[in-house]
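Commentary on secondary and tertiary structure
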There are 2 protein chains.
Amino acid sequence: MRRNRDGAPRASIKDVAERAGVSPQTVSRVANGYEHVRPEKREKVLAAMKELGYRPNRAARNLKSGRFRSIGFVTFNLSTFGNDRTLDAVAEASEKAGYTTTLLPLSNPAATDVAGAVGRLEEQAVDGIILIMSAEVGSLDELPVAAGLPVVIVDSDAHLPYTVVDSDQEQGARIAMQHLIDLGHRDIVHIAGPANSFSAQRRAETYRRIASEAGLVERPIRYGDWSAASGLAHGEQILREHPRPTAIFAGNDQMALGAMHAFHEHGLRIPGDFSVVGFDDAEGAATFWPALTTVHQNLDRVGHTAATLLLSLIEGEPDAHSRTLIPTRLVVRDSTGPASAVH
Amino acid sequence: MRRNRDGAPRASIKDVAERAGVSPQTVSRVANGYEHVRPEKREKVLAAMKELGYRPNRAARNLKSGRFRSIGFVTFNLSTFGNDRTLDAVAEASEKAGYTTTLLPLSNPAATDVAGAVGRLEEQAVDGIILIMSAEVGSLDELPVAAGLPVVIVDSDAHLPYTVVDSDQEQGARIAMQHLIDLGHRDIVHIAGPANSFSAQRRAETYRRIASEAGLVERPIRYGDWSAASGLAHGEQILREHPRPTAIFAGNDQMALGAMHAFHEHGLRIPGDFSVVGFDDAEGAATFWPALTTVHQNLDRVGHTAATLLLSLIEGEPDAHSRTLIPTRLVVRDSTGPASAVH
DNA sequence: CTGAAAGCGCTAACAC
DNA sequence: GTGTTAGCGCTTTCAG
């Protein structure tokens with residue numbers, strides 16, 4: 001009998017077979033819930049398993065089946081908003097399907113690193129990959145193809161020839177803008193996420209399109225980096241403009257928080273002087289001062305959908321390169337109000 | 001040559017051997033960077049590998065070595081504050097050591113579920129387990145022992161006979177309280193996290209001890225659930241007290257945010273009327289209104305330490321059941337100020 | 001320095 | 001119903 005590193009015996013199927021006085025095959029059948037085993041033998045085997053504390057060896061099963069029953073989750077940074085929740089949903093869905101979720105961190109979002117990661121990915125013990133791209137990182141195209149594994153991409157560029165799942169960024173930005181327009185705002189500034197972020201790009205484009213369609217005052221887009229600090233900096237600058245906009249559409253809640261902080265600092269009222277809309281509906285947004293109107297992303301569904309699609313690819317479904325957009329919804333709270341007549 | 005599910009050929013060590021005109025053994029040696037291989041053969045093998053796109057088969061290696069080169073990360077909820085960052089640090093550290101990180105979600109924090117999870121854990125393809133306990137969940141004692149794998153526990157009860165890593169909750173609560181006391185506050189109320197949370201318990205105990213040692217006004221502890229909404233509810237209630245406390249020590253930043261919201265709502269000033277201290281230094285805390293004084297947890301180090309310890313256990317280090325506490329630090333911002341003379 | 005043989009634990013295929 | 005045989009891909013002996 002083989003032993004663990006700590007010297008504890010580790011029973012194999014053979015040990016159980018000997019103990020129960022049957023063949024290894026019969027043990028295997030019992031272990032896998034096969035029907036046609038004589039009850040008395042089955043009992044003996046079960047007893048032997050219990051006595052020996054038998055656990056099937058995963059590595060052997062993997063080798064035999066050519067599968068790992070695990071899906072790889074690739075991302076640069078779990079702490080980026082939403083990634084943890086997406087991962088949570090992925091892990092839950094895959095667990096329900098009997099799969100584990102293996103984290104494959106890419107330490108550095110540089111193109112070279114991505115290339116290097118390709119090789120490592122192929123050696124990993126996973127049957128498919130969920131890739132959270134979130135930002136441009138060189139040749140994305142090479143990555144999944146080279147891996148020779150099914151891939152589902154989340155939060156990424158539209159035109160990729162892969163199965164893609166994402167929040168509907170365009171629809172989210174639209175309902176945010178429409179809300180402000182409905183309140184009478186004609187001069188809305190957009191604090192966008194970093195220019196290399198796909199979702200930031202999508203939201204900013206939509207801002208631009210809607211502002212133009214609705215004939216709003218033209219304002220250059222202000223690029224932040226998702227951080228509250230960058231929102232604060234832009235908030236300060238917005239205060240120095242003449243005339244001032246009457247509303248802010250921030251690319252995420254953190255930047256909205258920063259802008260609101262700047263306005264408070266200067267004694268301005270929200271939504272009296274400025275209406276503010278965020279994006280994400282992050283934890284605490286409902287309790288910001290004032291409670292933040294924002295676009296809620298259903299990341300549970302994003303993650304669940306990504307996992308479900310990947311699992312079906314793994315199970316042999318042909319890859320249709322589908323593109324699934326999960327709708328967002330506007331959560332109206334206290335940071336938005338009617339545009340004041342004169343500003 | 002075996003084929004992938006999608007029909008793509010998958011070269012084995014044997015295929016490479018044939019192609020290069022050597023034995024499988026030599027290929028293995030080259031693949032593992034063995035020294036004593038004639039350069040010309042090495043070249044041939046390398047070329048054959050490249051042509052065939054050879055990748056070692058992880059399952060076979062695992063079977064042979066009895067190791068998976070993966071560590072399991074067990075948690076109930078990734079979205080709980082800090083778990084994502086801890087996981088990030090764990091994944092990074094384990095990746096550097098050539099390990100992957102496998103997520104083993106426990107869908108339900110019930111004792112029965114934990115028991116059921118034990119069995120599944122033992123079959124997982126991991127060499128050790130990091131367990132984020134965070135709350136009481138029945139018989140924790142059984143879990144890791146039964147798994148027969150090295151275990152490191154994070155954020156848990158003190159007395160467990162395992163290797164434990166955690167932020168130093170007691171020290172964190174102490175510096176928060178000391179800060180308020182130094183500012184002259186004698187009447188401090190504590191909004192604690194849920195009673196079944198280990199870290200909430202530890203922070204609340206410390207609050208109680210320090211308040212008593214310093215002879216502060218006695219106040220019952222108010223229990224929230226970590227959410228901003230619960231902080232808001234307690235904030236409302238605190239406003240109705242006579243006399244009112246002059247300072248709030250909240251068990252986390254979200255509840256601090258909630259309390260501050262309540263105070264704003266009633267036109268009170270922070271820190272003029274109330275000083276507020278949080279815990280966590282969550283994203284955005286520096287940009288709350290006002291910027292929140294809080295206790296910063298070094299979760300990177302918590303995760304890194306947990307991973308490093310676990311890896312050394314996996315590599316054969318005897319388990320010393322050590323207990324590592326990572327110090328926190330106070331970040332003084334704008335939500336705390338001197339106690340006003342009369343309240 | 002290199003190859004041949006054996007076996008890790010499991011299960012599919014084939015006897016009986 | 002049950003056992004035997006063979007082999008997944010790799011690496012650790014052991015010969016040469």
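Computed from a prediction, not measured in an experiment: that's the story for all the values here.

1. Remarks on the overall build of chain A
Regarding its fold elements, chain A presents 12 helices and 14 strands. Taking the intrachain contacts of chain A between residues at least 6 apart in sequence as the baseline, contacts between residues at least 24 apart amount to 71%. A total accessible area of about 14500 Å² is found for chain A, and carbon and sulfur atoms account for 50% of it.

2. Some words on the relation of the copies chain A and chain B
The two copies are related by a screw operation: chain A maps onto chain B through 179° of rotation and 0.1 Å of translation along the axis, at an RMSD of 0.2 Å. Viewed as a symmetry operation, the transformation between the two copies matches a two-fold axis. Of the C-alpha atoms belonging to chain A, the one lying closest to the rotation axis is found on A:Thr102, 2.1 Å away. The residues that chain A uses at the interface reappear at the interface of chain B in 100% of cases, marking a shared surface.

3. A look at the protein's contact with DNA strand C
Taken together, the neighbourhood of DNA strand C is formed by 23 residues, with A:Ile13, A:Gln25, B:Thr26, B:Arg29 and B:Arg38 sitting nearest. Counting only atoms of DNA strand C within 4 Å of the protein, the fraction found in sugar and phosphate groups is 57%. The backbone of A:Ile13 places a nitrogen or oxygen atom 2.4 Å from a phosphate oxygen of DNA strand C. In this structure, a phosphate oxygen belonging to DNA strand C sits 2.6 Å away from a side-chain N or O atom of B:Thr26. Broken down by secondary-structure element, the contributors of at least two residues to the surface near DNA strand C are helix H2 (24-31) and helix H4 (58-65) of chain A together with helix H2 (24-31) and helix H4 (58-65) of chain B. Looking at the surface near DNA strand C residue by residue, the class counts come to seven nonpolar, nine polar and seven charged.

4. Looking at the interface of chain A and chain B
Counting from both sides, the interface comprises 59 residues of chain A and, opposite them, 62 residues of chain B. Counting each side, the surface lost to burial between chain A and chain B is near 4900 Å², with a carbon and sulfur contribution of 55%. Linking chain A with chain B are zero salt bridges, by the criterion used here. Our count for the contact surface shared by chain A and chain B stands at 12 residue pairs in polar contact (both at pLDDT 80 or more). Those elements that place two or more of their residues in the side of chain A that touches chain B are H4, helix H5 (83-96), strand S4 (100-105), helix H6 (111-123), helix H10 (228-239), helix H11 (253-265) and helix H12 (299-314) of chain A. With seven residues, the single largest contributor to the side of chain A that touches chain B is H4(A). Its residues assigned to classes, the side of chain A that touches chain B comprises 22 nonpolar, 20 polar and 17 charged.

5. Here's the deal with the environment of B:Pro39
Mapped onto the elements of the fold, B:Pro39 is located in helix H3 (residues 39-52). In this structure, the C-alpha to C-alpha distance between B:Pro39 and B:His185, residues 146 residues apart in sequence, is 76 Å.

6. What about the packing of aromatic side chains?
A complete count under the given rule lists three aromatic pairs over all chains for this structure. An angle of 20° between the planes, with centres 4.1 Å apart, marks the rings of A:Phe263 and A:Phe274 as stacked. Of this pair, A:Phe263 sits in helix H11 while A:Phe274 sits in the loop between H11 and strand S11 (275-277), and the two are 11 residues apart along the sequence. Accessibility assignment for this pair places A:Phe263 and A:Phe274 in one class, buried. Measuring from ring centre to ring centre gives 6.4 Å for A:Phe288 and B:Phe288, while their planes differ by 50°; the resulting arrangement is tilted. A residue pair is termed interchain when its members come from two chains, as with A:Phe288 in the loop between S11 and strand S12 (294-296) and B:Phe288 in the loop between strand S11 (275-277) and strand S12 (294-296). Taking relative accessible area as the criterion, B:Phe288 reaches 2% and is therefore assigned buried. We note B:Arg203 situated over the ring of B:Phe279; from NZ or CZ to the ring centre the distance is 3.7 Å.

7. Digging into the packing of helix H1 (residues 13-20) of chain B against H2(B)
Residues and elements named next belong to chain B. Viewed as axis vectors pointing N to C, H1 and H2 meet at an angle of 105°, and their least axial separation amounts to 8 Å. As summarised for this structure, H1 and H2 are arranged roughly perpendicular, according to the angle between their axes. Of the residues in H2, those touching H1 at Ile-13, Val-16 and Ala-17 are Pro-24, Val-27 and Ser-28. Classifying every residue of the contact of H1 with H2 gives five nonpolar, one polar and no charged.

8. Here we look at the domain arrangement of chain A
For chain A, the domain assignment lists domain 1 (2-54), domain 2 (69-167 + 299-325) and domain 3 (169-298). Placing the centre of domain 1 of chain A and that of domain 3 of chain A at their C-alpha centroids yields a distance of 63 Å.

9. With respect to the sheet that holds strand S8 (residues 188-192) of chain A
Pairing between sheet strands relies on hydrogen bonds along the backbone, with the strands arranged either parallel or antiparallel. Residue and element names in this part refer to chain A. What the four strands build is an open sheet, ordered S9-S8-S10-S11; its pairing is parallel. For this open sheet the edge positions go to strand S9 (222-223) and S11, each flanked by a neighbour on one side alone. Pairing analysis gives three bridges linking strand S10 (residues 247-250) to S11, with the strands arranged parallel. Bridging from a neighbouring strand, Phe-249 pairs with Val-277 of S11. Sitting on the sheet, helix H8 (residues 169-182) touches S8, S10 and S11, and the angle it makes with S10 is about 170°. Where helix H9 (residues 198-213) meets the sheet, it contacts S8, S9 and S10, and its direction lies at approximately 165° from that of S8.

10. Remarks on H4(A)
Residue and element names in this part refer to chain A. All of the buried residues in H4 are Arg-58, Ala-59 and Asn-62. Each buried residue of H4 lies within a common arc of 100° when the element is viewed along its axis, so the set occupies one face. Regarding H4, its N-cap is Asn-57, as a side-chain oxygen of that residue lies 2.7 Å from the backbone nitrogen of Ala-59 further along. A positive backbone phi angle near 70° is found at Gly-66, which sits one or two residues after H4.

11. Some remarks on the sheet that holds strand S8 (residues 188-192) of chain B
Residues and elements named next belong to chain B. Reading across from one edge, S9-S8-S10-S11 is the order of the four strands in this open sheet, with parallel pairing throughout. Looking at the sheet topology across the chains shown, the edges are occupied by strand S9 (222-223) and S11. Of the strand pairs in this sheet, S8 and strand S10 (residues 247-250) are connected by four bridges, and their pairing is parallel. Bridge pairing in S10 links His-190 to Phe-249. Seen against the sheet, helix H9 (residues 198-213) touches S8, S9 and S10 and runs at an angle of roughly 165° to S8.

Parameters and conventions
- Residues numbered from 1 in each chain as written.
- Chains lettered and ligands numbered in written order.
- Predicted model: local features only at pLDDT ≥ 70, side-chain atom pairs only at ≥ 80, totals over all residues.
- Heavy atoms only, no water.
- Helix = DSSP H or I, 4+ residues; strand = E, 2+ residues; numbered from the N terminus.
- Contact = heavy atoms within 4.5 Å.
- Areas by Shrake-Rupley, 256 points an atom, 1.4 Å probe, with all protein chains shown as cover.
- Least-squares fit on C-alpha atoms with pLDDT ≥ 70 in both.
- Near = heavy atom within 4 Å.
- Polar contact = N/O pair within 3.5 Å; in protein donor to acceptor, adjacent residues only side chain to side chain.
- Nonpolar A, V, L, I, M, F, W, Y, C, P; charged D, E, K, R; others polar.
- Buried area = accessible area lost by both parts, 1.4 Å probe.
- Salt bridge = Lys/Arg side-chain N within 4 Å of Asp/Glu carboxyl O.
- Phe/Tyr/Trp six-rings, centres within 6.5 Å; stacked < 30°, edge-to-face > 60°.
- Buried < 20%, exposed > 50% of the residue type's maximum accessible area, 1.4 Å probe, protein only.
- Lys NZ or Arg CZ within 6 Å of the ring centre and 35° of its normal.
- Axes fitted to C-alpha atoms, helices over the stretch in contact; angles between N-to-C directions.
- Parallel < 35°, antiparallel > 145°, perpendicular 65-115°, else oblique.
- Domains from an automatic or database assignment.
- Pairing = 2+ DSSP bridges.
- Arc of directions from axis to C-beta.

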